[in-house]
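# A structural walkthrough
The residues making up each chain are set out below.
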Amino acid sequence: MSDSAAPTVDAHISAWEEGKDFTIVPEVKGESVDKAKVQTAINAAIASGMTEIDLEALGCYIPIQVTSDDASLKALCAQMNQAKNAVITFHIGDATETLSGTEYVSWYTGGENGVITVDRDKAAAYIKALAAKYDTAGTTRTFHTTSGKEVALTGPYGWKIDQTAETDNLVLMAQTGINQEREVQFSQQAASHSDADWGNTYAEVDFGVQHVYMYENGALTWDAPCVTGNVSKNYTTPEGIYSLTYKQTDRVLRGAKRADGTYEYESHVDYWMPFNGGIGFHDASWRSKFGGTIYQYSGSHGCINLPVDKAKLLYEKVYKGMPVLCHN
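These lines cover the structure that appears in this document, whether it is placed above or below.

Definitions and cut-offs
- Residues numbered from 1 in each chain as written.
- Predicted model: local features only at pLDDT ≥ 70, side-chain atom pairs only at ≥ 80, totals over all residues.
- Heavy atoms only, no water.
- Pairing = 2+ DSSP bridges.
- Helix = DSSP H or I, 4+ residues; strand = E, 2+ residues; numbered from the N terminus.
- Axes fitted to C-alpha atoms, helices over the stretch in contact; angles between N-to-C directions.
- Contact = heavy atoms within 4.5 Å.
- Phe/Tyr/Trp six-rings, centres within 6.5 Å; stacked < 30°, edge-to-face > 60°.
- Buried < 20%, exposed > 50% of the residue type's maximum accessible area, 1.4 Å probe, protein only.
- Salt bridge = Lys/Arg side-chain N within 4 Å of Asp/Glu carboxyl O.

### Considerations on the sheet that holds strand E16 (residues 248–254)
Sheet strands associate in pairs through backbone hydrogen bonding, adopting either a parallel or an antiparallel arrangement. Sheet architecture is open: four strands sit in the order E16-E17-E18-E19, paired in mixed fashion. Strand pairing shows two members of the sheet lacking a second neighbour, E16 and strand E19 (304–306), which therefore form its edges. Adjacent strand axes in the sheet meet at a mean angle of 45 degrees, parallel and antiparallel pairs treated alike. Inspection of the sheet shows strand E17 (residues 266–276) paired to strand E18 (residues 279–283) by four bridges, in the antiparallel sense. Note that in E18 the partner of Trp 272 across the bridge is His 282. Along the sheet face, helix H7 (residues 308–317) touches E16, E17, E18 and E19 and points at about 40 degrees away from the line of E17.

See below:
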């Protein structure tokens, strides 16, 4: 049994070549054998004292399974050629992206059981490129502050295409080879597809002037002085674009746990509105003053401290997922 025997090859569809049609490559009857069957035949011959065996008669050669006359193969080849004339249109907010058939047929690797096989890695690369163009989460954006300045901010808030789901769908669409349209799905959404993806309802925290502003539909509807993270102890509140995680009343906030089981601090608050892990808005009844330079020497552990009456009003306005923009 030589490993150099000419292999048996089923009829199949040619590999993609730019500017050429897909064609059916005829089958080849080679000398490939089923090694297990050959070994069984040899063992039987030895046991019976035979000195010769007919491998073909014993069905030891691997048979051709698919011929060039196969109707399913012909239909698949025709479908692959037709796909070159198709277009897949993606809708992303108000924008559209088109993927021509002449591009995605280059991802075809053949067919199995009457279904076109698509190189998923190439489909994933296309979706990754869309995400690079349209995702805003984690990117730097320009925010026009209440004070009139423009600041560059990044953060987890923003759009993020569901790349796994969109790749799966793109493979399925490419397999059909017909004109199709699709609304791109996001694993994370924002308020707007415009440059200001936080929309016109959001909270703004200005560290420089120690003030919080609440905008609803573009109108300033609430504001208050605040105290942010203690700069002298390196508790400075991080800048960024976030979203409100949830809101809760009657909460005890605790700091890091010490070795003796006590906490660094324990503070009861009436209104708790986190947006960046353990950082959030809350009332601070223990403070008699807010604003100014308090944060530089006697600030919080990172949270946005507010007067109780102001925190109550803000609590009534905010909602889960609402954008929060923090800047210095």
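There's plenty left to go through after this.
### Here we look at the packing of aromatic side chains
Applying the stated criterion across every chain, the model contains 12 aromatic pairs. Considering the side-chain rings of Phe 22 and Tyr 108, the 6.1 Å spacing of their centres and the 35 degrees angle between planes classify their relative orientation as tilted. With Phe 22 in the loop between strand E1 (12–13) and strand E2 (24–25) and Tyr 108 in strand E5 (residues 108–112), the pair connects residues that are 86 residues apart, well separated along the chain. For Tyr 108, a relative accessible area of 5% translates into the label buried. Linked through ring pairs, Phe 22, Phe 90, Tyr 104, Trp 107, Tyr 108 and Tyr 126 together constitute an aromatic cluster.

### Some remarks on unusual backbone geometry
For Gln 210, which is not glycine, the phi torsion reads 50 degrees and is therefore positive. Structurally, the position occupied by Gln 210 is in the loop between strand E12 (202–206) and strand E13 (211–216). We note that Asn 217 has phi near 50 degrees; this positive angle belongs to a residue other than glycine. Note that Asn 217 resides in the loop between E13 and strand E14 (219–225).

### Structural notes on the pattern of salt bridges
Considering all chains together, one arrives at nine salt bridges under this definition. One salt bridge connects Lys 84 with Asp 21, and the closest N-O pair in it is separated by 2.5 Å. Of the two residues, Lys 84 sits in the loop between helix H2 (71–82) and strand E3 (87–92) while Asp 21 sits in the loop between E1 and E2, which places them 63 residues apart along the sequence. Among the residues examined, Lys 84 registers a relative accessible area of 18% and is labelled buried. A salt bridge links Glu 97 to Lys 133; the nearest nitrogen and oxygen atoms lie 2.6 Å apart. Here Lys 133 lies in helix H4 (residues 120–134) and Glu 97 lies in strand E4 (residues 95–100), a separation of 36 residues in the sequence.

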